[in-house]
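Geometric and topological summary
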Amino acid sequence: MSHTIKSKSVYTHPLLVRLLHWTNALAILVMVLSGWRIYNASPLFDFSFPRWLTLGGWLAGALQWHFAMMWLLIINNSVYLAYGVVTGHFRKKFFPVSKSQLRTDLKQALTCKLRHMPGAYNALQRSLYISAVFLIIVLVVSGLSTWKPVQLHGLAWFLGDYEGARLVHFFAMALLMFFVAIHVAMALLVPKTLLSMFTGKVVTVATTPPLQLTYVEIPSTEAGDAL
Amino acid sequence: MKKSSLGSNREWLDANRKEIVQIERRFFLKGAFSMGALALLSGCDLTNNEITQRILNGVSRLNDDMQAKLFDPSRLAQEYPDSMVTKPFPFNAYYDRSKVPAVDAASYQLELLGLIREKKPWTLKELAALPQTSQVTRHICVEGWSAIGKWGGVRFSDFLQRVGADTRAKFIGFKCADDYYTSIDMATALHPQTLLALTFADKTLPAEYGFPLRLRVPTKLGFKNPKHITAIYVTNVYPGGYWEDQGYNWFSGC
């Protein structure tokens, strides 16, 4: 046997989920950058987004990007929601979220002690991913209400008329960007998770059961991190 | 377990070098690919790219069709109490307030062109003698802001019927005293809340809001509500518009 150790793969993300994830990343990026240019045309608050951080060149261009990419965003997330509900992906991966576990995980995360388990989400991850899915739904609904306050009057009325829907759209964007900031930071801090969103698996080396740790020398964390 | 092979980190790394290199290579390639996509998107260069622009224009036309299908001719825009009228109502045009055209009321004539049976021009007096109606509705600008205003005037569908416009035609175009021009679809023109407005807040339409005649369409964005209208034409040839020809979505329904 030429192989001296066996690496074990933990399968994390099915191919469809990976495809949907990266399509969503692209759609959200375009929606946000063009959305910021649209915001700048008539800012809700006392600030504007820097020009270089926006997409579209001017308002008409930004609107074209926004109203083209919205279809991809809607289709992509509809497929994801259907998949998540029908296959039980949400139920298995995101639920349950226990409040006490969330408190413990949050405390550990803030003290950098929270361990990442490949293939299973901790309570903090679960609640963040549920929030992201929810925020995207809110963004689509409030966006459609802002776009069609007359034809989709019921939706717009629910969100507080045109101006209410516009505010909801802005704050849902801000919260989603807060999620994205944490999400991207964590993915960069634990690169194997980023890698697994491409390959669909996390390759682990320490396959030995804990009992055998007494006589098997395990590679140090440095080597482990190289993965 | 192959205990002997795990003598040290170095040995472990050597033993698994091939696998590690493979993983790193895959990671680098995919990372590079997504970084490229990101770089491509972050500039506004892409919008200047001809192919991208053609795709975006194509989707915008698809969105015209989608909006026409979504448009319910009997769905009314919400009406508000007079007390909710925005004060002061914002002025907006493609030029500064000082450039607002001064149209002479006495010599003003509304021209009718295209697929209309009775093309006799209309004076302001004649227009004011027609049955009048008013509405308090929300005016939504493509920029995002909105304001509630009160407009009064002639229901456009009544007017079109009266002059014998061909309501099977696709488009209605508007020419304005400030060289602005735009056009709307026939379904929207026949919507009960589409008005040829002669008043604003129960007073003669002020110059900055479109004296002597403007179109009030609460089911469309502000720039589809032309001011200072001098001619109306009915046509099957796509007429475009001042902003539409520059890339703003033509249907722009609410």
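The rules behind the values
Position numbers for residues start from 1 in each chain and track the written sequence from start to end. Note on labels: chains are lettered from A, ligands numbered from 1, in written order. Local features in a predicted model are, by the rule used here, given only for residues with pLDDT of at least 70; side-chain atom pairs are given and counted only at 80 or more, and totals for whole chains, interfaces and linings are based on all residues. Side-chain metrics rest on all non-hydrogen atoms present in the structure, leaving aside hydrogens and water. Helix and strand assignments follow DSSP, with helices taken as H or I runs no shorter than four residues and strands as E runs no shorter than two, numbered in order from the N terminus. Per-residue accessibility, obtained with a 1.4 Å probe over protein chains only, is compared with the maximum for each type, and a residue is labelled buried under 20%, exposed over 50%, and partly exposed between these values. Shrake-Rupley sampling with a 1.4 Å probe provides the accessible areas, and residues are treated as covered by the protein chains on show and by no other component. A patch is a set of surface residues, each over 30% in relative accessible area and not in a salt bridge, joined within 9 Å for like charges and within 5 Å for the nonpolar side chains Val, Leu, Ile, Met, Phe, Trp and Tyr. Salt bridges, as used here, are contacts in which a Lys or Arg side-chain nitrogen is within 4 Å of a carboxyl oxygen on Asp or Glu. Nonpolar cores are built from buried Ala, Val, Leu, Ile, Met, Phe, Trp, Tyr and Cys residues. Side-chain atoms within 4.5 Å join them into one set. Contact criterion: two residues are considered in contact whenever any of their non-hydrogen atoms come within 4.5 Å of each other. Fitted lines through C-alpha atoms serve as axes, helices being fitted only where they are in contact, and the angles separating the N-to-C directions of these axes extend from 0 to 180 degrees. What sets the label is the angle itself: under 35 degrees gives roughly parallel, over 145 gives roughly antiparallel, 65 to 115 gives roughly perpendicular, and the rest give oblique. Three classes are used: nonpolar for Ala, Val, Leu, Ile, Met, Phe, Trp, Tyr, Cys and Pro, charged for Asp, Glu, Lys and Arg, and polar for all others, with Gly counted as polar. Expected helix span is given by 1.5 Å per residue-to-residue step, counting one fewer step than there are residues. The arc under discussion is defined with respect to the helix axis, by the directions toward the C-beta atoms. You can read pLDDT as the predictor saying how much it trusts each residue, on a scale of 0 to 100.

Looking now at the overall build of chain B. For chain B, the count of helices and strands is seven helices and nine strands. Taking all 254 residues of chain B together, the buried fraction comes to 48%. Accessible surface, chain B: about 12,800 Å² in total, of which carbon and sulfur atoms supply 57%.

Here we come to a nonpolar patch on the surface. There is a patch of nonpolar side chains on the surface, built from Phe45(A), Phe47(A), Leu167(A) and Phe171(A) and spanning about 340 Å² of accessible area. Counting through the fold element by element, Phe47(A) comes out in the loop between helix H1 (15–41) and helix H2 (59–86).

It is worth spelling out the nonpolar core at this point. Counting 55 residues, the largest nonpolar core has Leu110(B), Phe156(B), Phe159(B), Ile172(B), Leu196(B), Ile229(B) and Ile232(B) as its most contacted members. Elements with a contribution of two residues or more to this core: H2 of chain A together with helix H5 (124–129), strand S3 (146–155), helix H6 (156–163), strand S4 (171–176), helix H7 (186–189), strand S6 (195–200) and strand S9 (229–235) of chain B. Those residues in contact with Phe156(B) that lie beyond four places of it in its chain are Ile172(B), Phe174(B), Ala189(B), Thr194(B), Leu195(B), Leu196(B), Leu215(B) and Ile232(B). Ala27(A), Trp36(A), Trp65(A) and Ala172(A) belong to the second-largest nonpolar core, a separate cluster that totals 35 residues.

All right, on to the packing of helix H7 (residues 161–189) of chain A against helix H8 (residues 191–199) of chain A then. Residue and element names in this part refer to chain A. The N-to-C vectors of H7 and H8 enclose an angle of 100°; their axes lie 4 Å apart at closest approach. The orientation of H7 with respect to H8, classified from their angle, is roughly perpendicular. Two secondary-structure elements touch here, H7 through Met 186, Ala 187, Leu 188 and Leu 189 and H8 through Pro 191, Thr 193 and Leu 194. In terms of residue class, the contact of H7 with H8 is made up of six nonpolar, one polar and no charged.

Before going further, it helps to spend a moment on helix H4 (residues 50–70) of chain B. It helps to recall that an α-helix has 3.6 residues per turn; residues three or four apart then point in one direction. Residues and elements named next belong to chain B. Taking 1.5 Å of rise per residue, 21 residues should cover 30 Å, and H4 covers 30 Å from first to last C-alpha, within 8% of that figure. Among the residues of H4, Thr 52, Leu 56, Val 59, Ser 60, Asn 63, Asp 64 and Gln 67 are the ones counted as buried. Along H4, the residues classed as buried sweep out an arc of 165° about the axis, all on the same side. Exposed and facing more than 90 degrees away from the buried side of H4 are Glu 50, Ile 51, Arg 54, Ile 55, Arg 61, Leu 62 and Lys 69.

The next subject is the pattern of salt bridges. Residues and elements named next belong to chain B. One pass over the structure, following the stated rule, counts 11 salt bridges over all chains. Between Arg 168 and Asp 166 there is a salt bridge whose closest N-O contact spans 3.1 Å. Where salt bridges share partners, they join Asp 82, Lys 150 and Asp 202 into one cluster.

For helix H4 (residues 99–110) of chain A, which comprises 12 residues, the first-to-last C-alpha distance of 16 Å matches the rise-based estimate of 16 Å (1.5 Å per residue) to within 8%. Count one or two residues on from H4(A) and you reach Cys112(A), which has phi positive near 60°.

In this section: the confidence of the model for chain B. All names here are of chain B. Here chain B averages 88 in pLDDT, while 81% of its residues score no lower than 70. Note that pLDDT drops below 50 for residues 25–36; the model gives that stretch four contacts with residues more than four away or on any other chain. The ipTM assigned to the predicted complex is 0.82, against a pTM of 0.84.

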